[in-house]
Amino acid sequence: MSDSSTNSQTTIYKGNIIFTPTSKEFNILKNGYIVVENGRVKEVLSILPDKYKNQNVIDYGNKLIIPGFSDLHFHAPQYANRGLGMDKELLPWLNQYTFPEEAKYADPNYAKKIYKRVVKEIWKQGTTRIVVFSSLHKESTKILLDYFIQSGLGAYVGKVGMDRNSPDFLIETTELSLSDTEEILKEYGNKSNIVKPIVTPRFVPTCTPESLGGFGELAAKYNVPIQSHISENLGEVEWVKELHPEFEDYASVYNNFKCFGQVPTVMAHCVHNTDKEIDLMAKNGVYAAHCPNANYNLASGIMPVRKFLNKGVNVGLGTDVGAGHKVSIPNVMVAAMQASKIKWLESDKKLDWLTTEEAFYLGTKGSGSFFGNVGSFEEGYEFDALVIDDSSLGDLNITLRERLQRYIYIGDDRNIIERYVAGKKIEEPQLD
Ligand code: GUN
Ligand code: FE
């Protein structure tokens, strides 16, 4: 035996395995095996060959084994505001509810109190990887990064940039916005393999051209991704036009400042983008985070997901807590399917709705691909997995596809009995 195989760690998981290598169909193995070596999937098998007979097999019986969920858009400092201000549009909601709540994170003790709950809830809901906005506060952002590192979950966490059009109690100078961001990139860039910083201009209206330019440069210099918002609400789109008549559209503002795919980039919402903007997203490989719960709640509209998929844009799902009211990605899968059915009708049945396979793909491999080989059980993928006990949901003598569909629609965190990230079993985070 070579040294590498002597040292390698192999574990085999047995159960009803379901995943989506493509969005077109489920790959389903009844009583199948996933061979995991050094945290990554080696192979998925229906019958265990002799070469593995001496290996440790963890048998989950009749339970489902599925990839962990990935959430591409989440605001940690809005967690305590879930379900509040839900009768407002975006801009009044930000001013009346969101900014006053985010301002509380100037106090690291408040951040500690709430961020502990946030990370535990993300764990509980089966989200194994997540892209997160914190607030503009440096210390609180570091607290959140430290909690994610302690938890074993995978995350990108960004200190929010806001240096214009923001209230006195929640604004920073351009200089501090960039220097605080850079401090975090330096300090956290190499602290963990799966928890990393991300450059985070809040959105064009709250970021000066100087800060956007600086963010583009920082992301390139430190080779870190970027996240922001685009074209969520019609009032916001008009505002960006007024602020930047020199640019053709919203996407061009980000693109001009190298915040649009020059490094891996995820843009939340994409409800009102033009075809030209969508083409640019496809060309630059910019991810769209579809956040249907938030878009319903703030009466923003419905993203035409099918159009983005047809044009070859990378699409994933976001809970967008706290505009979104739920931390659960399966809940967002359902909202995405429902939204797509309304779009189908509105488009004279031209934009096909999302199938269950597609919605599941978006919340696993679609979102997961932002983190690398994540969200599937193909060879070389990091073993991020959930074990689902759906016996409380009804008859188990139905197909495995039906059992998964039912879990997505009516299951919840109580059905998740184990969580794995990069091959490690993750218990409920004990944070301090
Ligand atoms: N656009 C700018 N900031 C925000 C935010 O916090 N939430 C949402 N949904 N949209 C935004
Ligand atoms: Fe958001």
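Residues numbered from 1 in each chain as written. Chains lettered and ligands numbered in written order. Predicted model: local features only at pLDDT ≥ 70, side-chain atom pairs only at ≥ 80, totals over all residues. Heavy atoms only, no water.

Caption draft 1: Region of interest: the overall build of the protein. Each helix and strand in the protein was counted, giving 14 helices and 17 strands. Its C-alpha atoms give the protein a radius of gyration of 21 Å, within 12% of the compact-globule value 22 Å for 432 residues. Across its three principal axes, the protein shows a C-alpha extent of roughly 65 × 55 × 35 Å. Evaluated residue by residue, the protein yields a buried proportion of 60% over its 432 residues. Relative to all contacts within the protein whose residues are 6 or more apart in sequence, the contacts with residues 24 or more apart total 75%. For the protein, the accessible area works out to roughly 17000 Å², and carbon and sulfur atoms hold 47% of it. Mean positive and mean negative side-chain charge positions of the protein (47 and 55 charges, respectively) differ by 4 Å. (Helix = DSSP H or I, 4+ residues; strand = E, 2+ residues; numbered from the N terminus. Rg over C-alpha atoms; globule rule 2.2 N^0.38 Å. Buried < 20%, exposed > 50% of the residue type's maximum accessible area, 1.4 Å probe, protein only. Contact = heavy atoms within 4.5 Å. Areas by Shrake-Rupley, 256 points an atom, 1.4 Å probe, with all protein chains shown as cover. Lys, Arg positive; Asp, Glu negative; His and termini not counted. Charge placed at Lys NZ, Arg CZ, Asp CG, Glu CD.)

Caption draft 2: Examining the environment of Glu238 more closely. Secondary-structure assignment places Glu238 in helix 7 (residues 234–243). Relative accessible area serves as the criterion here: at 41%, Glu238 is assigned to the partly exposed category. A sequence separation of 12 residues divides Glu238 from Tyr250, and the C-alpha atoms of the two residues are 9.5 Å apart.

Caption draft 3: Here's a closer look at the confidence of the model for the protein. Chain-level statistics for the protein give a pLDDT mean of 97 and a share of 98% at 70 or above. Counting contacts from residues 1–6, a segment whose pLDDT is below 50, to residues more than four positions away or on other chains yields 1 contact. (pLDDT = per-residue confidence, 0-100.)

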